[in-house]
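As a plain string of letters, each chain reads:
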Amino acid sequence: MVPNIHLSGPLLPRRASLFLLLLSCMVFSSLADIRRVPPRFAIQPTDQEVIPGGSVSLTCVAVGSPMPYVKWMMGGKDLTKEDEMPIGRNVLEVTNIHESANYTCIGMSSLGIIEATAQVTVKALPKPPTSVTVTETTATSVTLTWDSGNPDQVSYYMIQYRAKSSDNGYQEVERVATTRYSIGGLSPYSEYEFRVMAVNNIGRGPPSDPVETRTGEQAPSSPPLHIQARMLSASTMLVQWAPPDEPNGQIRGYRVYYSTDMTAPLSAWQKHNTDVCSLTIISGLIPDTTYSLRVLGFTSVGDGPPSDILQVKTQQGVPAQPSSFEAEAVLDTRIVLTWLWPVQDPITKYELQYWEAGSDNKIHVTFNPAGSYAVDGLKPDTLYHFSLAARSEMGLGVYTQPIEARTAQSSLLTFIKSPEDQMGISGGVASFVCQATGEPKPRITWMTNGKTLSSHRFEVIEFDDGSGSVLRIQPLRTHRDEAIYECTATNSIGEINTSAKLTVLEENQIPQGFPTINMGPQLKVVERTRTATMLCAASGNPDPEISWFKDMLPVDISSSNGRIKQLRSGALQIENTEESDQGKYECVAMNSAGTLYSAPANLYVRVRRVPPRFAIQPTDQEVMPGGSVSLTCVAVGSPMPYVKWMMGGKDLTQEDEMPIGRNVLEVTNIHESANYTCIGMSSLGIIEATAQVTVKALPKPPTSVTVTETTATSVTLTWDSGNPDQVSYYMIQYRAKSSDNGYQEVERVATTRYSIGGLSPYSEYEFRVMAVNNIGRGPPSDPVETHTGEQAPSSPPLHIQALMLSASTMLVQWAPPDEPNGQIRGYRVYYSTDMTAPLSAWQKHNTDVCSLTIISGLIPDTTYSLRVLGFTSVGDGPPSDILQVKTQQGVPAQPSSFEAEAVLDTRIVLTWLWPVQDPITKYELQYWEAGSDNKIHVTFNPAGSYAVDGLKPDTLYHFSLAARSEMGLGVYTQPIEARTAQSSLLTFIKSPEDQMGISGGVASFVCQATGEPKPRITWMTNGKTLSSHRFEVIEFDDGSGSVLRIQPLRTHRDEAIYECTATNSIGEINTSAKLTVLEENQIPQGFPTIDMAPQLKVVERTRTATMLCAASGNPDPEISWFKDMLPVDISSSNGRIKQLRSGALQIENTEESDQGKYECVAMNSAGTRYSAPANLYVRVRRVPPRFAIPPTNQEVMPGGSVSLTCVAVGSPMPYVKWMMGGKDLTKEDEMPMGRNVLEVTNIRESANYTCIGMSSLGIIEATAQVTVKAGTD
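Undergrad: Talk me through the overall build of the protein; I want residue IDs and the actual numbers.
TA: A count of helical and extended segments in the protein gives one helix and 109 strands. Its C-alpha radius of gyration of 45 Å places the protein more than 25% over the 33 Å reference for a compact globule of 1273 residues. Its C-alpha atoms give the protein principal-axis dimensions of about 145 × 100 × 70 Å. Out of the 1273 residues belonging to the protein, those deemed buried represent 44%. Within the protein, residue pairs in contact and separated by at least 24 positions form 63% of the contacts whose partners lie at least 6 positions apart.

Undergrad: Report on the environment of Ala962, specifying residues and quantitative values.
TA: Structurally, the position occupied by Ala962 is in strand S79 (residues 956-965). Here the alpha-carbon distance between Ala962 and Ile1147, two residues 185 residues apart in the chain, equals 61 Å. With residues up to four places along the chain from it excluded, the contact list for Ala962 reads Pro895, Tyr923, Glu924, Leu969, Gly970, Val971 and Tyr972.

Undergrad: Quick one: what's the story with the state of the cysteines, residue by residue and with numbers?
TA: On inspection of all chains with the given rule, the structure shows seven disulfides. Bridging Cys60 to Cys105, the disulfide has an S-S length of 1.9 Å. Looking along the S-S bond of the Cys60-Cys105 disulfide, the torsion reads about -80 degrees, which is the left-handed sense. Separated by 45 residues along the polypeptide, Cys60 in strand S4 (residues 54-65) and Cys105 in strand S8 (residues 101-109) bring together distant segments of the chain. For Cys60, a relative accessible area of 0% puts it in the buried group. Covalently, Cys1007 is tied to Cys1060 through a disulfide, its sulfur atoms 1.9 Å apart.

Undergrad: For the packing of aromatic side chains, give the residues involved together with the corresponding values.
TA: The geometry of an aromatic ring pair is captured by two quantities: the separation of the ring centres and the angle between the planes. What the rule picks out here adds up to 32 aromatic pairs. Ring geometry for Tyr354 versus Phe386: centroids 5.9 Å apart, planes at 25 degrees, classification stacked. Of this pair, Tyr354 sits in strand S26 (residues 349-356) while Phe386 sits in strand S29 (residues 383-392); the two residues are 32 residues apart in sequence, bridging distant segments of the chain. Taken individually, Tyr354 and Phe386 each receive the classification buried, so the pair is uniform in this respect.

Undergrad: Describe a nonpolar patch on the surface, and please don't skip the residues or the numbers.
TA: A cluster of nonpolar side chains, namely Leu523, Val525 and Tyr604, defines an oily patch on the protein surface of about 300 Å² accessible area. With respect to the helices, strands and loops of the structure, Leu523 is situated in the loop between strand S41 (516-519) and strand S42 (524-527). Residue Leu523 is classed as exposed on the basis of its relative accessible area, which comes to 57%.

Undergrad: So, empty space enclosed by the protein: which residues are in play, and what are the values?
TA: Counting across every chain of the model gives three cavities of 30 Å³ or more. Counted as a void, the largest cavity has a volume near 110 Å³. Surrounding the largest cavity, 13 residues form its lining, Gly778, Pro779, Ile1189, Thr1192 and Thr1205 being those nearest its centre. When residues of the lining of the largest cavity are assigned to their parent elements, the largest contribution, three residues, is made by strand S104 (residues 1200-1211). Looking at the lining of the largest cavity, its residues break down into seven nonpolar, five polar and one charged.

Undergrad: Lay out the pairing of strand S22 (residues 290-298) with the relevant residues and their values.
TA: Extensive coverage of S22 is indicated by the burial of seven of its nine residues. Relative to S22, strand S19 (residues 253-259) runs antiparallel, the two sharing seven bridges. If you follow Gly253 over to S22, its bridge partner there is Phe298. When S22 meets strand S23 (residues 310-313), the two strands line up antiparallel, connected through four bridges. From the neighbouring strand, Ser292 faces S23, where its bridge partner is Gln311.

Undergrad: Give a description of the sheet that holds strand S84 (residues 1003-1010) that names residues and reports values.
TA: One open sheet accounts for four strands, arranged S82-S84-S88-S87; its pairing is antiparallel. Of all the strands in the sheet, the pair left with one neighbour each is strand S82 (987-990) and strand S87 (1031-1036). If you compare each strand with its neighbour and ignore which way they point, the axes differ by 25 degrees on average. Looking at chain direction, S87 and strand S88 (residues 1041-1046) are connected through six bridges and run antiparallel. Its bridge partner being in S88, Val1033 is matched across the sheet by Leu1044.

Undergrad: Provide a residue-level description of the sheet that holds strand S57 (residues 662-670), including the pertinent values.
TA: In spatial order, the strands read S52-S54-S57; together these three strands make up an open sheet with antiparallel pairing. Pairing within the sheet leaves two strands with one partner each, and these edge strands are strand S52 (610-616) and S57. Pairwise comparison of adjacent strand axes, ignoring direction, gives a mean angle of 25 degrees for this sheet. Bridge analysis of strand S54 (residues 627-638) against S57 gives seven bridges, and the strand direction is antiparallel. Directly across from Val629, in S57, lies its bridge partner Val667.

Undergrad: An account of the pattern of salt bridges is needed here, citing residue identities and associated values.
TA: Inspection of the entire model under this criterion finds 43 salt bridges. A salt bridge links Lys1014 to Asp1038, with the nearest nitrogen and oxygen atoms 3.7 Å apart. Taken as a pair, Lys1014 in the loop between S84 and strand S85 (1016-1021) and Asp1038 in the loop between S87 and S88 lie far apart in primary sequence, 24 residues in all. We classify Lys1014 as partly exposed; its relative accessible area is 45%. Glu1159 is paired through a salt bridge with Arg1045; the nearest N and O atoms lie 2.6 Å apart.

Undergrad: How would you sum up the environment of Thr516? Please name residues and give values.
TA: Looking at the secondary structure, you find Thr516 in strand S41. In this structure Thr516 comes out as partly exposed when scored by relative accessible area, which is 38%. A C-alpha to C-alpha distance of 8.7 Å links Thr516 and Ala537, two positions 21 residues apart in sequence. Leaving out residues up to four positions away in the same chain, Thr516 has contacts with Ala537, Ala538, Ser539 and Leu596.

Undergrad: Before we move on, can you summarise the side chain of Thr314 with the specific residues and values?
TA: Counting through the fold element by element, Thr314 comes out in the loop between S23 and strand S24 (323-329). From its side chain, Thr314 meets the backbone nitrogen of Thr289 in a polar contact 2.8 Å long. Apart from residues lying up to four places away in sequence, Thr314 is in contact with Met231, Ala234, Leu285, Ile286, Pro287, Asp288, Thr289 and Tyr291.

Undergrad: Mind laying out unusual backbone geometry, listing which residues take part and the relevant values?
TA: Residue Pro66 follows Ser65 across a cis peptide bond; omega there is 5 degrees. A cis amide bond links Gln1047 with the next residue in sequence, Pro1048, at an omega value of -10 degrees. Inspection of the secondary structure puts Pro1048 in the loop between S88 and strand S89 (1056-1063). Although it is not a glycine, His226 adopts a positive phi angle of roughly 50 degrees. On the secondary structure map, His226 appears in strand S17 (residues 225-231). Overall, His226 belongs to the partly exposed group, its relative accessible area being 37%. Notably, Asp861 is not glycine yet its phi reads approximately 55 degrees, a positive angle. Secondary-structure assignment places Asp861 in the loop between strand S71 (852-855) and strand S72 (863-871).

Undergrad: Could you give me a rundown of the side chain of Ser208, with the residues and numbers involved?
TA: Structurally, Ser208 can be placed in the loop between strand S15 (191-199) and strand S16 (211-214). Leave out the neighbours within four places in its chain, and Ser208 touches Pro128, Pro129, Val132, Arg195 and Val196.

The rules behind each value
Residues numbered from 1 in each chain as written. Predicted model: local features only at pLDDT ≥ 70, side-chain atom pairs only at ≥ 80, totals over all residues. Heavy atoms only, no water. Helix = DSSP H or I, 4+ residues; strand = E, 2+ residues; numbered from the N terminus. Rg over C-alpha atoms; globule rule 2.2 N^0.38 Å. Buried < 20%, exposed > 50% of the residue type's maximum accessible area, 1.4 Å probe, protein only. Contact = heavy atoms within 4.5 Å. Disulfide = S-S within 2.5 Å. Phe/Tyr/Trp six-rings, centres within 6.5 Å; stacked < 30°, edge-to-face > 60°. Patch = residues over 30% accessible without salt bridge, like charges linked within 9 Å, V, L, I, M, F, W, Y side chains within 5 Å. Areas by Shrake-Rupley, 256 points an atom, 1.4 Å probe, with all protein chains shown as cover. Salt bridge = Lys/Arg side-chain N within 4 Å of Asp/Glu carboxyl O. 1 Å grid on protein atoms, 1.4 Å probe; cavity = no way out; pocket = protein on both sides within 12 Å on 5 of 7 lines; lining within 4 Å. Points joined across faces, edges and corners; volume = space filled by probe spheres on them. Nonpolar A, V, L, I, M, F, W, Y, C, P; charged D, E, K, R; others polar. Pairing = 2+ DSSP bridges. Axes fitted to C-alpha atoms, helices over the stretch in contact; angles between N-to-C directions. Polar contact = N/O pair within 3.5 Å; in protein donor to acceptor, adjacent residues only side chain to side chain.

Here you go:
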């Protein structure tokens, strides 16, 4: 393809240039005093690299005396015409370059010829980096490594990354010089996607395949939200909250701190721990006391910050302190206060105190229940403090801690630019500029002598939405235009005025010192992004001040971020020009003698026209049969080109859907290789590039897998690739032979030798290796087995027991360690009369692998301490806990394996090991409350366990046990401890509320209780069960929660007290609510109205759905939501479901379980109204099943084994099973989804194995042939 070539430089007609050359020769030869200089290069052309289809500009400047002519050649071809040869400078523009070439610049004069050559090399963008791997993660950083993927050196790398949960684009890290980089500043416990690009001096290449990872956990960095509390009784409080905004991990639970002294450090407050539930009940509070509450959440890493303090008075019926109390200035005289609506508190009034900062004059305001309040009549730009409390019929709650807010600055109507008096010349120009500010935004009008302006010579040009205006008068007329011109700024608050005087002089009246424009701006053409300078110079006495107008409006230099500057000379300099800078410019010179305007001059900003070229060309790809690829094509130019895809002669992009610049082609279920062509087109040309998609199989299994080295905790493997083509990496699978768990995997192994650590000592393992290419992972190699080495035991012998055979002889017995880490070679029994001495000072009795022994020669009537350890060929394991024995025949040994477990809030069960034939007649138990010296003694008959009842809930106890025989009392055990469970009293956590409904409408009562065992809810009215078909009971939480729904309501018939009873085996509790039903003509003032009800909505799964609802009434109604007649539990959605301030229900990342019938309910003190129900449908993408990895044929030796992998995908995900002939190999009730690996062992005959994938959208099958192949001698 021939490149397009354009030349530029100072040209002379050919005859004139030859004549000048001849004349110069004649004249200069006769003038000995004129210097003669041979030609030389002042600027030589430089070598350049360019992308295919790109452009270059080659500059060549030659000087000398006489000045040389300059031309270009490519090979033997002249690129400069003989009669257009410029003198001194020649710029060669070469476009649409597809082949490398040498371009030669030649300079010539009567004194000689010189030449210089520039090489233009066509170079492609770099390929994407390969093997991008996450090697390390922390909570806020990820470390990546990768291979260059390019044979030639690249300039640097660029990393792009984004949070998977964000809709924002990629963030970029530029100029990475190595193939390892750590990216910091990430969010904890978040999924990220990373990809890497190589950059050379042509540009950035296409991105690598993305890798995904999740950052680690941190403690929460924000506290729980919306803390609320309500007194259930004078000593029991319900506390509720929402999860933190920044949990930084999976919340494991919450801690509620409470204290009567809010000034004490948090460590001195009482602490109540709870699980991930966002509400809890705290009991045992002191009545009639003000408590301060703070709540924090914690992850597996640690505690987050505590919430702000919420104060509550322990007086039933008195409201809690309003929470989430905030203030915001909305005007210079108004601040709006907002707070969280309380947890079902019966509020009758709110009481507000506010005061000006630095003043003791507190203003008190009382108003009806609401969630916000506007304080008016405040001073502008003044700091105020606010404190709020809620009142019920039982009394006033606690005031909030004061919050503060500053009112806005005054929004008075003000001029920010006023017109100035001017003295102009007849036939010239005058411009008056006027601009005002205020709230609401003002508009400008002009008048003179009380009249509006009507002449065609008067032009008004507005700016800043009408709050700024220029009055331009041109041409000026003496006497006729001399006047006072008034500017008026008006808004709904008022108006202000200013004025300026215009004097018009005749030419003969111009005073001394009147400004003169010495140099006016000239027409200028500049390329976009280049710098433009509009010249202006003026003189006068005093020196005039210069300003600029563009299109008759003043140039606002201050708002250009430094891009536009006025130089000291008066010139206007515009850097990095934009198309919006194009226009007509005037400079204005003004001093005390008068004002003079220059003639206007146009600035044109030229946009460069660039033919289309590919920034990212599609790349060849390989794919497995049935696989998918994504082909990216990006074309650039000016104008930007349209981009489409074709396969053969077939258009793959519809004409009316053709994108600009970038087109990504997704090709799925590929079974044949094909060429896909990307075409870029604009008004300046058409370009195309082709990518070949090759269908390629999975790699073969590696061969010669061998164990080359073993230790107690590691195994080193080597293997041969087994593949003629290069593979991407290897994967190792391994499992302990004694375990029922599946294989563990080691991914992205780059070499054919690898050491696997973290294994269990003295254990049999099975290993196999798989090769992975860019299509996927191949079948596994034949397995190899090995045994890890020994270590010393890592746990002590178990169940140590002792029996006195005589006053000096003892039988000791035990069980082997749980973790022997090898073959136990024997045991050592240590014994001593001083349990505090170091173990090395105790007596030692060695024995063989038998688990009992006899020790003689003991001192009678003495208490001995015993410890036992086991040993392997490598060394000794840890010793057991101490067991104490009294050397008195017939006296029992100390009970062993003594343990305690709390099973109820008042019961702890003790267990121990049944002794070795000890003649025990009784056990004696001592137990006591932690911190108390009051020991309780209990005696009971021989047994292996004992339940201690009547304990205090949530209390720590200590226990010590001894055995007694007829010969005496044995040694007490060392004390152990256990804490009783928290109280499990039957309690309502949701109680039904009194309701006032409308005949024909709906009423729902919600009731839920907690306790141990779990209670069940029943409903009654007037002592009778409910039987009407209009009464429906819907259970939730396994029956411990229930909704009673009545629809349609009937006046008189349904008015009653409805009782909720919670029952379990311990007892029952009751609560009730009253229902009042009104006729339409009885509806009171302020009864809720549904202004906007939810509508039918269809949303795709994982998208956000918003069910709208708006209601009005007096007081403002509270909005809640029901789904399928059950209350929507927002707190249990982990923030996925939110109720917006407007009342709307927002469901993020929708799931199929969100589908249902939704109602919004508006409730205030006047009554309750339900919206009409609206269905939300969650649409799931339906894709028929297809094989992502079909099974492959395999060959095996007689008695060998194979592993057949089959992966099917679709939506819904298909079930996958195996068959051999007509025989099912997968049980119907064990059929996995998506992936099924068939392990076939001890194979003696060849057979076909069929993998079947099935879903509601179809059935697919694929068969693998397993051939038994005889070996050779």
